[in-house]
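Take a look at the letters that make up each chain.
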Number of protein chains: 2
Amino acid sequence: MGGIPDSELLLPELLKKAGYTNKIVGKWHLGHRPQFHPLKHGFDEWFGSPNCHFGPYDNKVKPNIPVYRDWEMVGRFYEEFPINLKTGEANLTQIYLQEALEFIRTQHARQSPFFLYWAIDATHAPVYASRPFLGTSHRGRYGDAVREIDDSVGKILSLLQNLGISKNTFVFFTSDNGAALISAPKEGGSNGPFLCGKQTTFEGGMREPAIAWWPGHIAAGQVSRQLGSIMDLFTTSLSLAGLNPPSDRVIDGLNLLPTMLQGHVMDRPIFYYRGNTLMAVTLGQYKAHFWTWTNSWEEFRQGIDFCPGQNVSGVTTHSQEEHTKLPLIFHLGRDPGERFPFSFASDEYQDALSRITPVVQQHQMSLVPGQPQLNVCNQAVMNWAPPGCEKLGKCLTPPESVPEKCSWSH
Amino acid sequence: MGGIPDSELLLPELLKKAGYTNKIVGKWHLGHRPQFHPLKHGFDEWFGSPNCHFGPYDNKVKPNIPVYRDWEMVGRFYEEFPINLKTGEANLTQIYLQEALEFIRTQHARQSPFFLYWAIDATHAPVYASRPFLGTSHRGRYGDAVREIDDSVGKILSLLQNLGISKNTFVFFTSDNGAALISAPKEGGSNGPFLCGKQTTFEGGMREPAIAWWPGHIAAGQVSRQLGSIMDLFTTSLSLAGLNPPSDRVIDGLNLLPTMLQGHVMDRPIFYYRGNTLMAVTLGQYKAHFWTWTNSWEEFRQGIDFCPGQNVSGVTTHSQEEHTKLPLIFHLGRDPGERFPFSFASDEYQDALSRITPVVQQHQMSLVPGQPQLNVCNQAVMNWAPPGCEKLGKCLTPPESVPEKCSWSH
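Criteria and cut-off values
- Residues numbered from 1 in each chain as written.
- Chains lettered and ligands numbered in written order.
- Predicted model: local features only at pLDDT ≥ 70, side-chain atom pairs only at ≥ 80, totals over all residues.
- Heavy atoms only, no water.
- Disulfide = S-S within 2.5 Å.
- Helix = DSSP H or I, 4+ residues; strand = E, 2+ residues; numbered from the N terminus.
- Buried < 20%, exposed > 50% of the residue type's maximum accessible area, 1.4 Å probe, protein only.
- Contact = heavy atoms within 4.5 Å.
- Buried area = accessible area lost by both parts, 1.4 Å probe.
- Salt bridge = Lys/Arg side-chain N within 4 Å of Asp/Glu carboxyl O.
- Polar contact = N/O pair within 3.5 Å; in protein donor to acceptor, adjacent residues only side chain to side chain.
- Nonpolar A, V, L, I, M, F, W, Y, C, P; charged D, E, K, R; others polar.
- UniProt positions renumbered as here; feature names shortened; annotations may be inferred.
- Pairing = 2+ DSSP bridges.
- Axes fitted to C-alpha atoms, helices over the stretch in contact; angles between N-to-C directions.
- Least-squares fit on C-alpha atoms with pLDDT ≥ 70 in both.
- Phe/Tyr/Trp six-rings, centres within 6.5 Å; stacked < 30°, edge-to-face > 60°.

## Things to note about the state of the cysteines
- With the rule as written, the count across this model stands at 6 disulfides over all chains.
- Cys196(A) shares a disulfide with Cys307(A); S-S distance 2.1 Å. As the torsion about the S-S bond is roughly 100°, the Cys196(A)-Cys307(A) disulfide counts as right-handed. A residue pair is termed long-range when its members are at least 10 positions apart, and Cys196(A) in the loop between β6 (171-173) and α4 (203-206) and Cys307(A) in the loop between α7 (297-301) and β12 (321-322) qualify at 111 residues. Comparing Cys196(A) with Cys307(A), the two get one shared label, buried.
- Across the disulfide from Cys377(B) sits Cys406(B); the S-S distance is 1.9 Å. Taking the sign of the S-S torsion, about 110° here, the bridge from Cys377(B) to Cys406(B) comes out right-handed. Of this pair, Cys377(B) sits in strand β14 (residues 376-377) while Cys406(B) sits in the segment after β15 (404-405), and the two are 29 residues apart along the sequence.
- The class of Cys406(B) is buried, set by a relative accessible area of 8%.
- Here the bonded cysteines of chain A are numbered in sequence order, and their pairing is 1-2, 3-6, 4-5.
- The cysteine Cys52(A) is free of any disulfide, with Cys377(A) supplying the nearest cysteine sulfur at 17 Å.

Set out below in structure tokens:
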């Protein structure tokens with residue numbers, strides 16, 4: 001039922017004040033109810049959905065997920081926006097691509113600075129691609145989807161170049177999670193040498209590649225080892241727009257421009273949470289696990305596996321194991337797969353721990369917990385009659401309102 | 001005690017007839033006794049050793065491994081050629097580099113066509129690097145060794161360019177095994193998404209990257225999915241030298257020039273053996289395992305692990321499991337980590353099996369087994385008094401000759 005509180009400032013709200021026009025294309029997952037709508041939080045335009053393309057549902061127990069244009073729904077997945085689960089065919093990436101190209105062309109014509117958040121989801125199960133890409137990859141349907149995204153990114157970059165605005169447009173490409181290995185092999189990616197996948201705090205779940213593109217400013221082919229977080233895009237983007245971050249609150253993100261433009265590397269910790277639990281921290285090349293957990297034995301026995309083919313004794317645990325007194329510490333440079341925890345008795349363990357401990361204490365002392373948004377669930381508020389449904393004759397009758405404590409299995 | 005029989009024709013023997021001067025720098029592992037010496041098998045020069053840089057030994061139970069220049073030893077590892085096991089410091093890669101550069105300069109001055117086999121071994125445990133490279137990598141000592149090899153390859157390529165012969169010199173870079181994960185994390189590499197490591201017939205043990213470099217002929221940055229084998233370098237190199245492979249025997253290697261020059265992809269099987277046992281075969285994207293085995297429970301319980309952190313039920317077995325009737329089949333495109341064998345009942349399994357079976361039958365029918373060379377072991381013939389030892393005063397007295405059946409633990 002919850003979503004982004006008004007007290008949270010999103011990037012587009014700030015960019016708007018600097019004259020930017022802002023659009024989100026694709027998945028918005030900060031709440032589907034009117035008060036959480038992206039156009040309430042700084043975006044000027046939206047084409048997409050308030051969740052992934054799960055389904056199809058029966059529209060009785062659960063409604064299909066709506067697709068919005070701006071304030072109103074324009075259809076639903078598996079209805080106006082078909083996805084063939086059997087063949088994996090869907091045109092959604094192509095639709096999202098056209099939305100992106102059209103928006104860029106329009107803003108260029110208006111000479112408006114713009115921010116485009118292009119949140120495509122073809123690689124999220126159920127994985128889809130359009131017909132020209134289906135079957136073209138050696139990697140199966142997942143590879144087909146990646147090829148279509150790659151092709152689409154290429155078309156967006158080409159448009160920026162053709163419009164002559166590439167040197168004035170910063171593009172950042174990354175992912176919100178490591179590959180979801182629960183969907184492997186048919187609909188899952190690979191996390192290469194890293195341990196486990198999405199839903200865990202191992203590197204396979206949390207570490208993603210990122211590419212920054214800004215011809216004339218960022219030299220092609222550079223590689224940085226700077227530890228970054230998607231939160232850094234807030235601060236970095238404000239800096240690009242010549243804005244300062246708000247001063248009335250603590251901002252966790254760093255400005256990555258010194259890294260991207262001058263190659264600076266800043267030593268900073270990254271904290272890995274599951275819910276309210278600080279599971280692990282990375283500092284430099286060291287990673288300390290305070291808790292280890294993949295998923296429950298109960299889930300695992302049902303065949304849900306976040307780490308298929310991987311098993312590191314005492315690390316990929318199916319019970320929630322506490323190590324807060326003596327964290328498991330790995331060197332991610334020498335052991336990127338988190339397979340060989342240091343011996344507690346080793347000098348390197350003691351040295352790493354003595355550097356990590358004060359950083360974690362400082363973090364925990366200064367942390368201000370947010371208000372939980374995902375504790376109350378209620379089927380009655382789930383996308384039955386989104387704004388605009390009347391025009392389409394697609395309003396559904398919600399069931400009786402029964403607020404319940406949400407159940408999160410992992 | 002064994003080694004390369006005279007009946008086997010090596011590449012340099014054939015190249016010699018076409019006027020090439022041939023040199024091996026580094027490890028020669030086809031026999032250390034005089035009849036197996038590389039200069040008996042087509043090489044004109046050798047600087048290196050008849051095994052890796054294992055040791056140090058006591059020169060009583062076991063002699064240190066000699067380093068040869070051409071016919072004669074010029075010292076031994078850990079003696080004239082020091083390796084500091086504690087710091088990992090050794091200058092061997094630099095020595096091997098100078099040998100390579102000097103050979104290329106000399107042959108260029110003589111205007112002789114040349115073949116250089118540069119078989120460096122710094123990434124083989126005990127891993128070493130020279131002082132300027134030690135501690136320079138995030139990957140620990142293994143990374144330091146890779147950086148030194150990378151730097152050295154760069155110097156070799158630069159020399160070819162500076163001499164103006166790069167367009168007339170074909171360079172091929174690859175490895176003889178996947179990373180030896182038994183040496184991880186301190187002295188082992190990573191096999192990325194692949195299963196297990198060296199000593200197994202899983203992809204992590206058998207699949208290696210390869211780079212071909214030939215400016216003006218092979219365009220930079222191309223990627224080929226051609227299945228290749230190091231055996232192909234025999235046929236390919238003969239083709240480059242304008243020679244035909246011998247017609248008096250079956251040659252398993254393919255000429256990869258059509259792949260490298262025109263992008264052709266040939267469908268061909270690759271057979272994976274351990275000893276005389278056909279463990280697996282790859283055909284296109286399909287891989288069938290007829291036997292699965294990593295190492296014995298006995299070894300594994302001693303901490304020797306070819307697949308650290310990996311465990312695929314029924315696949316990474318510690319007993320030798322036979323699947324010749326119903327092989328385990330994987331699709332290496334969709335499942336490069338060999339984690340998800342096909343269901344025996346699936347159409348794709350049946351289809352893959354029906355393509356693989358005749359290829360394997362044809363292979364087994366036409367196979368002519370070689371003469372085993374590694375069945376008899378005898379400490380008395382192990383590098384005690386190699387040719388040249390008298391000049392150095394470094395001849396050791398061998399123990400009594402006791403030929404024994406060799407014992408190979410895996």
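Following the structure, the description resumes.
## Topic: the interface of chain B and chain A
- With 22 residues of chain B in contact, the opposing surface of chain A contributes 22 residues.
- Buried surface at the junction of chain B and chain A, summed over both partners, amounts to about 2000 Å²; 58% is from carbon and sulfur atoms.
- The interface formed by chain B and chain A contains 0 salt bridges.
- Our enumeration of links across chain B and chain A arrives at 10 residue pairs in polar contact (both at pLDDT 80 or more).
- Considering only residue class, the side of chain B that touches chain A consists of 7 nonpolar, 10 polar and 5 charged.

## With respect to the UniProt feature "domain: Sulfatase N-terminal" (unreviewed entry) in chain A
- The positions UniProt marks with the feature "domain: Sulfatase N-terminal" (unreviewed entry) are residues 4-242 of chain A.
- As annotated, residues 4-242 of chain A comprises 26% helix and 14% strand, and the C-alpha atoms at either end are separated by 25 Å.

## Here we look at the environment of Ser229(B)
Residue and element names in this part refer to chain B.
- Along the polypeptide, serine 229 turns up in the loop between β7 (210-213) and α5 (232-240).
- Measuring from C-alpha to C-alpha, the distance between serine 229 and aspartate 252 comes to 9.3 Å, with 23 residues separating the pair along the chain.
- What serine 229 contacts, discounting residues up to four positions off in sequence, is Arg268 and Ile270.
- Here methionine 231 takes part through its backbone nitrogen, which lies 2.9 Å from a polar atom of the side chain of serine 229.

## Examining the sheet that holds strand β10 (residues 286-289) of chain B
Residues and elements named next belong to chain B.
- Spatially, the 4 strands line up as an open sheet ordered β8-β9-β10-β13, and their pairing is antiparallel. Bordering the open sheet on either side are β8 (269-274) and β13 (328-331), each of which pairs with just one other strand. Neighbour-to-neighbour, the strand axes of this sheet turn through a mean angle of 20°, independent of strand direction.
- Inspection of the sheet shows β10 paired to β13 by 4 bridges, in the antiparallel sense. Paired with histidine 289 across the strands is leucine 328, a residue of β13.

## A look at the relation of the copies chain B and chain A
- Between chain B and chain A, which share one sequence, the superposing operator has a rotation angle of 180° and an axial displacement of 0.0 Å; the RMSD is 0.0 Å. Each copy turns onto its partner about a two-fold axis. Residue Gln310(B), judged by its C-alpha, is the member of chain B lying nearest the rotation axis, at 2.1 Å.
- The share of interface residues of chain B whose copies in chain A are also at the interface is 100%, consistent with both copies meeting through the same surface.

## Structural notes on the packing of aromatic side chains
- Scanning all chains against the criterion turns up 22 aromatic pairs over all chains.
- Ring geometry for Phe47(A) versus Phe81(A): centroids 6.1 Å apart, planes at 70°, classification edge-to-face. Of this pair, Phe47(A) sits in strand β2 (residues 45-49) while Phe81(A) is found in the loop between β4 (72-76) and α2 (92-110), placing the two residues 34 residues apart along the sequence. Residue Phe47(A) shares its accessibility class with Phe81(A), and that shared class is buried.
- Measuring from centroid to centroid gives 6.0 Å for Phe43(B) and Phe115(B), while their planes differ by 20°, and the two rings are stacked. Of the two residues, Phe43(B) is situated in the loop between β1 (21-27) and β2 (45-49) and Phe115(B) in strand β5 (residues 114-119); the sequence distance between them amounts to 72 residues. Accessibility classification places Phe43(B) together with Phe115(B) in one group, the buried group.
- Each member of the aromatic cluster is reached from another via a ring pair, and the members are Trp28(A), Phe43(A) and Phe115(A).

## Here's the deal with the sheet that holds strand β3 (residues 66-69) of chain B
All names here are of chain B.
- Spatial ordering of the open sheet is given by β4-β3-β2-β1-β5, a layout of 5 strands whose pairing is mixed. A strand with exactly one partner marks an edge of an open sheet, and here the two such strands are β4 (72-76) and β5. Within this sheet the neighbouring strands show an average axis-to-axis angle of 15°, counted without direction.
- Pairing of β3 with β4, which is carried by 4 bridges, proceeds in the antiparallel orientation.

## Comments concerning unusual backbone geometry
- In this structure, the amide linkage connecting Ala184(A) to the following residue, Pro185(A), adopts the cis form with an omega of -5°.
- Mapped onto the fold, Pro185(A) is located in the loop between β6 and α4.
- Look at the link from Ala125(B) to Pro126(B): it is a cis peptide, with omega at -5°.
- Within the secondary structure layout, Pro126(B) lies in the loop between β5 and α3 (140-162).
- Positive phi, normally seen in glycine, also occurs at Asp70(B), with a value near 55°.
- Mapping Asp70(B) onto the fold places it in the loop between β3 and β4.

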